[in-house]
Amino acid sequence: MKKKKIVIFVGYDCNNNCRFCINSEKRKIKSKTTDQIIKEIYLATKKEKIDIIEFIGGEITIRDDFFKIISTAKKLNIPDIVIATNGRMFSDINFAKKALEKGLSTIIFSIHGPDSKTHDLLTRSKGSFIELMRGIENFKKIGFNNINANTTIVKQNFKKLPQIAKLHVKLQIKNVEYIFVDPQYGGANKDFSNMVPKISIASKYMRKALDIGREAGYYQWKVRYVPLCYFTDYLDQISEINEAKLFLSKHWAPDFVNEDVVKSRKKYAREKTKRCKGCKLFKLCEGIWKEYIKNYGDKELNPIKDK
Ligand code: SF4
């Protein structure tokens, strides 16, 4: 049976300012109040009977009610309490310890470069890489290992994916997602030509990153938001396929509710074109972002024909 997962967007405030952020235009939207979030946690537990709750932002760790939110989810016995974070607040080991005491069970760290130069250029926040690395080290010191990572792939970092993958190996991160940037909204939409790489080029580096993971024994590393024609030898490492098979995901944000994330992404955000006709991966594949086709066309899509 599929696991039920609700992602609660707590608000769009953040202590980073990532160039590609999908929420860059939403900073002025009022964040949810503590009461609103607590009500949603109850609703998710009692009515929806979820298996996984994930809190994202913006950045949840900068909220005064962060620990209260986590401890409420814990009190209600939600099996997996997850956050996606830029990791900076955890550079204080006591903050990290307290989050675990309150019940945090899984962490997804966003690592956008192999070094300060690349990561801080993208986050537009000096010192963000050092704080992030310190945060991860702190959890390791405490003995907490349920650490995941994601990397958003843009023009500024795609050539560095092999180095980023080596960093993930060094940090012994078993679950990593390499996410092809979403240009439907936000920073990458506004600055498309400077941010969005060509999939035919970036995919070589993405495959290399997956190979580095495989060599280290991490076969569960994944790529997200990609046309499958560039990943035919990696079909068990595609996030969307995995997600559709294993999870029923909902998004509850301050400005929208999405009750079926996979379905609406296929319908409104991704596109397969005439070129895809006859492709043997057609059913499995979500195509590529509509904005990508609008800007770069569909010439790179490469239908897979039966031999
Ligand atoms: S040709 Fe189209 S359907 Fe086939 S894998 Fe590529 S994007 Fe997907």
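Please read all numbers here as calculations on a predicted model, not as lab measurements.

As for the overall build of the protein chain
Here's step 1: Within the protein chain one finds twelve helices and eleven strands.
Here's step 2: For the protein chain, whose C-alpha radius of gyration is 19 Å, the value lies close to the compact-globule estimate of 19 Å for 307 residues.
Here's step 3: In terms of its C-alpha atoms, the protein chain occupies a principal-axis envelope of roughly 55 × 40 × 40 Å.
Here's step 4: A burial count over the protein chain gives 55% of its 307 residues as buried.
Here's step 5: Here the analysis covers contacts within the protein chain between residues at least 6 apart in sequence; of these, 71% occur between residues at least 24 apart.
Here's step 6: A total accessible area of about 14800 Å² is found for the protein chain, and carbon and sulfur atoms account for 50% of it.
Here's step 7: For the protein chain, the distance from the average position of its 60 positive side-chain charges to the average position of its 35 negative side-chain charges is 3 Å.

Section: the sheet that holds strand S9 (residues 257–258)
Working definition: the strands of a sheet are paired by backbone hydrogen bonds and lie parallel or antiparallel to each other.
Here's step 1: The strand order across the open sheet formed by nine strands is S7-S6-S5-S4-S3-S2-S1-S8-S9, and the pairing between neighbours is mixed. Every interior strand has two partners, whereas the edge strands, strand S7 (222–224) and S9, have only one.
Here's step 2: Strand contacts of helix H5 (residues 128–142): strand S4 (106–110) and strand S5 (147–153), with the helix running at about 155° to S4, the strand carrying the most contacts.

Some remarks on the packing of aromatic side chains
Here's step 1: Per the counting criterion, the structure on display carries 18 aromatic pairs.
Here's step 2: With a centroid separation of 5.3 Å and 75° between ring planes, the pair formed by phenylalanine 158 and tyrosine 205 is classed as edge-to-face. One end of the pair, phenylalanine 158, is in the loop between S5 and helix H6 (161–170); the other, tyrosine 205, is in helix H9 (residues 199–215), and 47 residues separate them in sequence.
Here's step 3: Looking at phenylalanine 158, the relative accessible area reads 9%, which means it is buried.
Here's step 4: You can call tyrosine 205 partly exposed: its relative accessible area is 24%.
Here's step 5: Arranged with centres 5.5 Å apart and planes meeting at 20°, the rings of tyrosine 218 and tryptophan 221 form a pair that is stacked. Accessibility assignment for this pair places tyrosine 218 and tryptophan 221 in one class, buried.
Here's step 6: Across from the ring centre of phenylalanine 282, 4.0 Å away, lies the NZ or CZ of lysine 272, which sits over that ring.

Here's the deal with the site of the ligand
Here's step 1: Near the ligand you find Pro227, Leu228, Cys229, Lys272, Cys276, Cys279, Phe282, Cys285, Gly287, Leu301, Asn302 and Pro303, and these make up its full shell.
Here's step 2: In terms of residue class, the shell around the ligand is built from nine nonpolar, two polar and one charged.

Some thoughts on the pattern of salt bridges
Here's step 1: Evaluated as defined, the whole model comprises 15 salt bridges.
Here's step 2: In this structure, glutamate 48 and lysine 250 form a salt bridge, with 3.0 Å as the shortest nitrogen-oxygen distance. Of this pair, glutamate 48 sits in the loop between helix H1 (34–46) and strand S2 (52–56) while lysine 250 sits in strand S8 (residues 247–252), and the two are 202 residues apart along the sequence. Like glutamate 48, the residue lysine 250 is buried in the burial classification.

Observations regarding H5
Here's step 1: For H5, built from 15 residues, the straight-helix expectation of 21 Å at 1.5 Å per residue is met to within 8% by its first-to-last C-alpha distance of 21 Å.
Here's step 2: Within the span of H5, buried status applies to Ser128, Phe129, Leu132, Met133, Gly135, Ile136, Asn138 and Phe139.
Here's step 3: Lining the buried residues of H5 we find helix H3 (93–102), S4, helix H4 (116–123), S5 and H6.
Here's step 4: Positive backbone phi, at 95°, marks glycine 143, one or two positions downstream of H5.

Description of the side chain of glutamate 240
Here's step 1: The residue glutamate 240 is located in helix H10 (residues 239–246) in this model.
Here's step 2: You can call glutamate 240 buried: its relative accessible area is 5%.
Here's step 3: Ignoring anything within four residues of it in the chain, the contact list for glutamate 240 reads Val223, Arg224, Tyr225, Val226, Arg265, Arg270 and Glu286.

Notes on the nonpolar core
Nonpolar side chains tend to gather and get buried jointly when the protein is soluble and globular.
Here's step 1: Ranked by internal contacts, the top residues of the largest apolar core, which has 87 residues, are Ile41, Ile53, Phe55, Phe90, Ile111, Tyr178 and Phe180.
Here's step 2: Among the elements that line this core, the one with the most residues is H9, at six residues.
Here's step 3: Tyr12, Val82, Ala84 and Ala253 belong to the second largest nonpolar core, which has nine residues in total.

Scoring rules and cut-offs
- Residues numbered from 1 in each chain as written.
- Predicted model: local features only at pLDDT ≥ 70, side-chain atom pairs only at ≥ 80, totals over all residues.
- Heavy atoms only, no water.
- Helix = DSSP H or I, 4+ residues; strand = E, 2+ residues; numbered from the N terminus.
- Rg over C-alpha atoms; globule rule 2.2 N^0.38 Å.
- Buried < 20%, exposed > 50% of the residue type's maximum accessible area, 1.4 Å probe, protein only.
- Contact = heavy atoms within 4.5 Å.
- Areas by Shrake-Rupley, 256 points an atom, 1.4 Å probe, with all protein chains shown as cover.
- Lys, Arg positive; Asp, Glu negative; His and termini not counted.
- Charge placed at Lys NZ, Arg CZ, Asp CG, Glu CD.
- Pairing = 2+ DSSP bridges.
- Axes fitted to C-alpha atoms, helices over the stretch in contact; angles between N-to-C directions.
- Phe/Tyr/Trp six-rings, centres within 6.5 Å; stacked < 30°, edge-to-face > 60°.
- Lys NZ or Arg CZ within 6 Å of the ring centre and 35° of its normal.
- Near = heavy atom within 4 Å.
- Nonpolar A, V, L, I, M, F, W, Y, C, P; charged D, E, K, R; others polar.
- Salt bridge = Lys/Arg side-chain N within 4 Å of Asp/Glu carboxyl O.
- Expected span 1.5 Å × (residues − 1).
- Core = buried A, V, L, I, M, F, W, Y, C linked by side-chain atoms within 4.5 Å.

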